Amino acid sequence: MEVQVHLDGDPATKEVGFFQSKVASLEAKIKSLEFDNAELARSNEQLSERVKFLASRQPTWPKGYRPRRYNNMQRKG
């Protein structure tokens, strides 16, 4: 967007130019935020798929690990 600047001293023209520059800067900010939002949505989708996969798989113990039950402590008391 191109902003025209008139230096003839007309306050209405200055005001219009001021608001045109504000609109241009806000449009640039919106475009940047839309891009950031798209990146976050894509990242969220990838992480959601990964969490779903990790939550649904069967847990595995490390090789050589044997869980022990401590029933002896309950009997002594």
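Preceding this section is the structure that the text describes.
Per chain, residues are indexed from 1 in the order of the written sequence. With the structure being a predicted model, the display of local features is reserved for residues of pLDDT at least 70 and the display and counting of side-chain atom pairs for 80 or more, all residues being used for whole-chain, interface and lining totals. Remark: hydrogens and water are excluded; side-chain values derive from all non-hydrogen atoms of the structure.

Undergrad: Please clarify how the overall build of the chain should be interpreted in this entry.
TA: A helix here means a DSSP run of H or I that spans at least four residues, while a strand means a run of E at least two residues long, and both kinds are numbered starting from the N terminus. Per the secondary structure count, the chain includes two helices and zero strands. Burial classification: accessible surface area is computed with a 1.4 Å probe over protein chains only, and a residue below 20% of its type maximum counts as buried, one above 50% as exposed, and the rest as partly exposed. Residues classed as buried in the chain amount to 1% of the 77 residues present. Carbon together with sulfur atoms contributes 54% to the accessible area of the chain, which is approximately 8200 Å² in total. All accessibility values rest on the Shrake-Rupley procedure with a 1.4 Å probe; residue burial counts only the protein chains present in the view.

Undergrad: In this structure, what is going on with the packing of aromatic side chains? I would like to understand it.
TA: Where two aromatic rings form a pair, the distance of their centres and the angle of their planes describe that pair. Under the pairing criterion, centres of Phe, Tyr and Trp rings, with the six-membered ring standing for Trp, must be within 6.5 Å; the plane angle then separates stacked pairs below 30 degrees from edge-to-face pairs above 60, leaving the rest tilted. All told, the structure shown has two aromatic pairs when counted by the stated rule. Both rings, one in Phe18 and one in Phe19, keep their centres 5.2 Å apart while their planes meet at 70°; by these two values the pair is edge-to-face. When its relative accessible area of 45% is taken as the criterion, Phe19 is described as partly exposed.

Without other data, these values stay purely geometric and don't point to any function.
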